[in-house]
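# Remarks on the overall topology
Listed below are the residues making up each chain.
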Amino acid sequence: MKKTDVLIVGTGLAGLFTALNLDESINVVIISKTKIQLSNSVLAQGGIACEYNDDQQLHQAHINDTLKAGSMLNDPESVEFLVEKAHESVKKLISFGVQFDIGDDNLFLVTKEGGHSSRRIFHSGGDATGKNVTGSLIIQLMQKKNIEFMEETMALNLLVDDKEVIGMSCLDRHEQIFPIYAKKVVLATGGIGSVYNSTTNDLLATGDGIGIAYRQDVHISHMEFVQFHPTAFYNENNHSRQRFLITEALRGEGAYLVNVENERFMKKYSPELMELAPRDIVSQAIFKEMYDTWTDHVFLDTRHLDPKYLQSRFPTVFNHLKENGVILGVDLIPVAPCEHFLCGGIDTDLRGRTSLKSLYAVGETANTGVHGANRLASNSLLECLVFAMAASGDIYKNLKDSKPMKEMSIASNDVYNYNYKPIRKKIGDYMDEHVSIVREQSGLQLTIEVIEKILINLEKYPNQTKNYYETLNLASTAYLITKQALERVKSIGCHYRIN
Ligand code: SIN
């Protein structure tokens, strides 16, 4: 058993930044189900969208781009909050030692991605933004006496007393269940990539926050808006479900998309914005081209760009492709869309508060309202920063209002050896086929029936293991995506219904 002021679940950017912004008088426990250095944030290449200035016209343009990318289904108040707090949050990152790329003139280098009307994306190490940012924050946190990291500790269920969260039941590395009591609990568990059979996410992204919140009837919405990244590396020899991301910033720096017939097809779908149209439009266009040309990929063409520049600007992408026999700036790069980001999630207000008292959600697991039906590129790391800062401020203000610590009895279950791989594969197969870029009623209906049966069986045979809880969270997340996709009959943003 453990007691603390604040429990943070997850060590991606949102979790780390929440911890770092909490006053040092507050004791914080941060848990990671694997290692603290592993998260989706680490994989983020593109950068952080931010107008680092007081120019209201530029701020308004960032707001407009976000709303337009989100098909106006965003919460305008949240979008304004995101953009207005961007400057302060990036400044804070810099004060914590993060080094953003600067040019010969000593000014920050900023790039462009899909849906942005101007260059406003900060990056670090070229295309290693996530790795560099989380790395710097972990170094800072390691020096704080009020912060305790617990690795290989998986959050299972919220402990709730009289409609208020008082902690979390957790599983240690020996699959022993134990409680962590806390005045405030923050879910910062990241994405849901493993719900699908191919994703740019780290495969540890099993929708844990969504599953945990769902079991307590916490409000969750916009789950149908799963974003598919247009350009994951398509490599026939890679049999992992995790696909290598090729950053959209490459298109921001001039790369084109061509189909297998060498046609620059984006002119048919978005003649003005071309390859820099918002992500939902580009992914849907690629899907259509692959269908029409009977293939499972298109190409990213960088052959008109300087290979030397590409190597220094995109070292992560350059090295990965080289290891796989493709030279950036010389060869065509086969790419195809795959799952990338959940735009919806656990509903929160501007302070990260959820519908359950003393429970907060930040980062990808939260639905703060900023993304609407489709997230604008590089707004995700920004959302982590801005809402983590807001949540930590609210936690500090309200810590005293929490319930006095109280212990609860926690039921433990049997532990048995069971292989959940076939169930996970089945979930992935149905989600890929019916709840992917293009959806139709009968496929969604079929999927929900299958997932419901899986959920019933999982609930019937509880197993006190990490694999069981991950599978339960995957099934709950798949269920919510499919249910909300069935409920939304009209196409909008990432949700494309053909009937
Ligand atoms: C990318 O670099 O293309 C991904 C960044 C993002 O998801 O916004």
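Structure: above.
Reference entry: report on the structure contained in this document.

Basis of the calculations
- Residues numbered from 1 in each chain as written.
- Predicted model: local features only at pLDDT ≥ 70, side-chain atom pairs only at ≥ 80, totals over all residues.
- Heavy atoms only, no water.
- Helix = DSSP H or I, 4+ residues; strand = E, 2+ residues; numbered from the N terminus.
- Buried < 20%, exposed > 50% of the residue type's maximum accessible area, 1.4 Å probe, protein only.
- Contact = heavy atoms within 4.5 Å.
- Expected span 1.5 Å × (residues − 1).
- Near = heavy atom within 4 Å.
- Polar contact = N/O pair within 3.5 Å; in protein donor to acceptor, adjacent residues only side chain to side chain.
- Areas by Shrake-Rupley, 256 points an atom, 1.4 Å probe, with all protein chains shown as cover.
- Nonpolar A, V, L, I, M, F, W, Y, C, P; charged D, E, K, R; others polar.
- 1 Å grid on protein atoms, 1.4 Å probe; cavity = no way out; pocket = protein on both sides within 12 Å on 5 of 7 lines; lining within 4 Å.
- Points joined across faces, edges and corners; volume = space filled by probe spheres on them.

## A look at the environment of Val317
Turning to its location among the elements, Val317 is positioned in helix α11 (residues 315–323). The class of Val317 is buried, set by a relative accessible area of 0%. Sequence separation between Val317 and Leu328 is 11 residues, and the spatial gap between their C-alpha atoms is 8.2 Å. Apart from residues lying up to four places away in sequence, Val317 is in contact with Gln45, Asp127, Phe244, Leu245, Ile246, Thr247 and Leu328.

## Describing helix α5 (residues 129–142)
Counted at 1.5 Å a residue, the expected span for α5 with its 14 residues is 20 Å, and the 20 Å between its end C-alpha atoms agrees. Thr129, Gly130, Val133, Thr134, Ser136, Leu137, Ile138 and Leu141 are the residues of α5 that are buried.

## Quick notes on the site of the ligand
Gly46, His229, Leu245, Thr247, Glu248, Arg279, His340, Arg375, Ala377 and Ser378 make up every residue found near the ligand. Take Gly46: an N or O atom from its main chain is 2.9 Å from an oxygen atom of the ligand. In the environment of the ligand, an oxygen atom lies 2.6 Å from a nitrogen or oxygen atom belonging to the side chain of Thr247. Here the ligand loses 95% of its free accessible area of 260 Å² to cover by the protein chains. A class-by-class count of the residues in the shell around the ligand yields 2 nonpolar, 5 polar and 3 charged.

## Let's talk about empty space enclosed by the protein
One pass over the structure, following the stated rule, counts 3 cavities of 30 Å³ or more. Approximately 50 Å³ is the volume attributed to the second largest cavity. Together, Glu164, Val165, Ile166, Ala182, Lys183, Ser402, Lys403, Pro404, Met405 and Lys406 line the second largest cavity. Elements represented by at least two residues in the lining of the second largest cavity include exactly β8 (164–171) and β9 (177–187). Sorting elements by how many residues they give to the lining of the second largest cavity places β8 first, with 3 residues. Partitioning the lining of the second largest cavity into residue classes produces 5 nonpolar, 1 polar and 4 charged.

## Section: the side chain of His222
Counting through the fold element by element, His222 comes out in the loop between β10 (220–221) and β11 (226–233). Contact partners of His222, with chain neighbours within four places excluded, come to Leu73, Cys343, Gly344, Asn367, Gly372, Gln484 and Arg488.

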